[in-house]
Amino acid sequence: MRCVLNMLMVAAVCGLARDAVAQLTPAELEALRERGQREGWTFTVGETEASQYPDHQAFGLKVPADWRRGARFDPCTPSRDLPAAFDWRDAGGCTPVKNQLGCGACWAFGLNGAFESQILLQDGVTASLSEQWLISCCGLGGCGGEWPGTAANFYLVYGTSFDQCGHHGTVPTAEFPYVAWDAPCGCPYTHEYFLEDWVFVGPEWGVPTVGQLKQAIYDHGPTVVCVYANDAMKAYTGGIFNDCEDVAINHTVVLVGWDDNQGTDGVWLMRNSWGAGWGEDGGYCRIEYGCSRIGYNALYVVYAGLGNVIWVDFAYTGTESGTFVQPY
């Protein structure tokens, strides 16, 4: 197994070397700085991990034409006065930021980022969930891009989406480390954590309001959202991102909080999957409310909880109220 993983890592490194030629050049970065000065950007740009890759590798969101079919929406109607500023990091609710490298797997990293936070908040365990299992084993879009809602179905405790070995639920990163390409699956693996549910936030059409997103984040923890990402975002090194473009979403991130006192009308605290060296505060970004469709297709996850999971045979189909079944 170790030899196989070493071979996979070598292949990944070779792939990264080939992709390096797609990075933003010094001239392109300087052009971004000049545009920022003209347009009044309140953030800085420079060479980052993400700026080394073309868009299809740095991003990776693909929106299915029929994604609304059968989808459920929680209006998350604001029901109480929320604080002017809130950050799940202050409550120890966020795991370390990861790096998708040259693989369009933002959909997997965004989903796992929110799920890992739920495990941390409920169980006090810093779990690392394998994005590579989602990429390699589930018949999804892999490094070519996918939809986080589709991937979330593979985590449902009573779900009907299974990997190549007929199992579902999270896989530890230690069992299938990330290699940033569509590597062979090699299952079976251990499946440890499950979702009870996942739900879209706000209206069926359009972007949830600031109030709806705040309520979702406050009630359900770090929340998966979509955004339009561009070269300026790839090269973002700090400040309040305000290069706002009303273009179709192409990237998945996680919102961990907000601050009404920053920016024009307030900012979201956005967790990315471009490594701890991107952005500020170890892989985060402050982005203006409403900028670049931030918050579109927001969804929150509901963790089943280890205390509610029992170990049974895979074929078991019990329906006890409030009990979740561990399929493997």
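Report on the accompanying structure. No experiment lies behind these values; they were computed from the predicted model shown.

## A word on the nonpolar core
Okay, step 1: Membership of the largest hydrophobic core comes to 48 residues, with the highest contact counts inside it found for Met233, Phe241, Trp268, Met270, Ile287 and Ile294.
Okay, step 2: Sort the elements by how many residues they give to this core and strand 7 (residues 251–259) lands first, with five residues.
Okay, step 3: Here Met233 is in contact with Val227, Tyr228, Phe241, Met270, Trp274, Trp278 and Ile287, once residues within four sequence places are set aside.
Okay, step 4: Within the second largest apolar cluster, 45 residues are counted, among which are Phe109, Ala127, Cys143 and Tyr193.

## Thoughts on the pattern of salt bridges
Okay, step 1: Applying the stated criterion across every chain, the model contains 14 salt bridges.
Okay, step 2: Put simply, Glu116 and Lys98 hold a salt bridge, and the shortest N to O gap is 2.7 Å. Of the two residues, Glu116 sits in helix 4 (residues 106–123) while Lys98 sits in the loop between strand 3 (85–87) and helix 4, which places them 18 residues apart along the sequence. The two residues Glu116 and Lys98 agree in class, both being buried.
Okay, step 3: Note that Asp246 and Arg293 form a salt bridge whose closest N and O atoms lie 2.7 Å from each other. Pair noted here: Asp246 is in the loop between strand 6 (236–241) and strand 7 and Arg293 is in the loop between strand 9 (284–288) and strand 10 (296–303), with a separation of 47 residues, a long-range link.
Okay, step 4: Each of Arg35, Glu39 and Asp243 takes part in a single network of salt bridges with overlapping partners.

## Quick look at helix 7 (residues 210–220)
Because an α-helix completes one turn every 3.6 residues, residues spaced three or four positions apart along the sequence face the same direction.
Okay, step 1: All buried positions along helix 7 are accounted for by Gln212, Leu213, Lys214, Gln215, Ala216 and Ile217.
Okay, step 2: Among the structural elements, strand 4 (195–201), strand 5 (223–227), strand 7, strand 8 (267–271) and strand 10 are those in contact with the buried residues of helix 7.
Okay, step 3: Looking one or two residues past helix 7, Gly221 carries a phi angle of roughly 85 degrees, positive in sign.

## As for helix 4
Okay, step 1: Compared with an ideal rise of 1.5 Å per residue, which puts 18 residues at 26 Å, helix 4 spans 25 Å between its outermost C-alpha atoms and is within 8% of the ideal.
Okay, step 2: Burial runs high along helix 4: 15 of the 18 residues are buried.

## Some thoughts on the environment of Gly238
Okay, step 1: Inspection of the secondary structure puts Gly238 in strand 6.
Okay, step 2: For Gly238, a relative accessible area of 9% translates into the label buried.
Okay, step 3: In sequence terms Gly238 and Thr44 are 194 residues apart; their C-alpha atoms lie 5.6 Å from each other.
Okay, step 4: Not counting residues within four places of it along the chain, the set of residues in contact with Gly238 comprises Phe43, Thr44, Gly279 and Glu280.

## Observations regarding unusual backbone geometry
Okay, step 1: A cis amide bond, omega 20 degrees, links Cys187 with the succeeding residue Pro188.
Okay, step 2: Topologically, Pro188 is positioned in the loop between helix 6 (148–152) and strand 4.
Okay, step 3: Even without glycine at this site, Ala180 takes up a positive phi of about 65 degrees.
Okay, step 4: As for its placement among the helices and strands, Ala180 is situated in the loop between helix 6 and strand 4.
Okay, step 5: Overall, the relative accessible area of 9% leaves Ala180 in the buried class.

## Regarding the pairing of strand 7
On a regular strand, one side chain projects to one face of the sheet and the next to the other, so that they alternate.
Okay, step 1: Burial of strand 7 is extensive: nine of the nine residues sit out of reach of the surface.
Okay, step 2: Sheet topology note: the strand 3/strand 7 ladder contains three bridges and is antiparallel. When the sheet's bridge partners are listed, Ala85 is paired in strand 7 with Asp259.
Okay, step 3: For strand 5 and strand 7, the ladder comprises five bridges, and the chain directions are antiparallel. In the strand pairing of strand 7, Val225 is matched with Val253.

## Notes on the environment of Phe241
Okay, step 1: If you trace the backbone, Phe241 turns up in strand 6.
Okay, step 2: Relative accessible area serves as the criterion here: at 0%, Phe241 is assigned to the buried category.
Okay, step 3: Not counting residues up to four positions away in its chain, the partners in contact with Phe241 are Phe43, Asn230, Ala232, Met233, Tyr236, Cys285, Arg286, Ile287, Glu288, Cys291 and Ser292.

## Some remarks on the state of the cysteines
Okay, step 1: Inspection of the entire model under this criterion finds four disulfides.
Okay, step 2: Through a disulfide, Cys103 is tied to Cys143; the S-S separation comes to 2.0 Å. Between Cys103 and Cys143 the disulfide shows an S-S torsion of about -95 degrees. By sign, it is left-handed. Pair noted here: Cys103 is in the loop between strand 3 and helix 4 and Cys143 is in the loop between helix 5 (131–137) and helix 6, with a separation of 40 residues, a long-range link. The same class applies to Cys103 as to Cys143, namely buried.
Okay, step 3: One disulfide in the model links Cys244 with Cys291; its S-S distance is 2.1 Å. In this structure the cystine formed by Cys244 and Cys291 twists about its S-S bond by roughly -110 degrees; its chirality is therefore left-handed. With Cys244 in the loop between strand 6 and strand 7 and Cys291 in the loop between strand 9 and strand 10, this residue pair connects regions lying 47 residues apart in the sequence.
Okay, step 4: Residue Cys244 is classed as partly exposed on the basis of its relative accessible area of 42%.
Okay, step 5: Numbered by order of appearance in the sequence, the disulfide-linked cysteines of the protein pair as 1-3, 2-5, 4-6, 7-8.

Quick notes on the rules
- Residues numbered from 1 in each chain as written.
- Predicted model: local features only at pLDDT ≥ 70, side-chain atom pairs only at ≥ 80, totals over all residues.
- Heavy atoms only, no water.
- Core = buried A, V, L, I, M, F, W, Y, C linked by side-chain atoms within 4.5 Å.
- Buried < 20%, exposed > 50% of the residue type's maximum accessible area, 1.4 Å probe, protein only.
- Helix = DSSP H or I, 4+ residues; strand = E, 2+ residues; numbered from the N terminus.
- Contact = heavy atoms within 4.5 Å.
- Salt bridge = Lys/Arg side-chain N within 4 Å of Asp/Glu carboxyl O.
- Expected span 1.5 Å × (residues − 1).
- Pairing = 2+ DSSP bridges.
- Disulfide = S-S within 2.5 Å.

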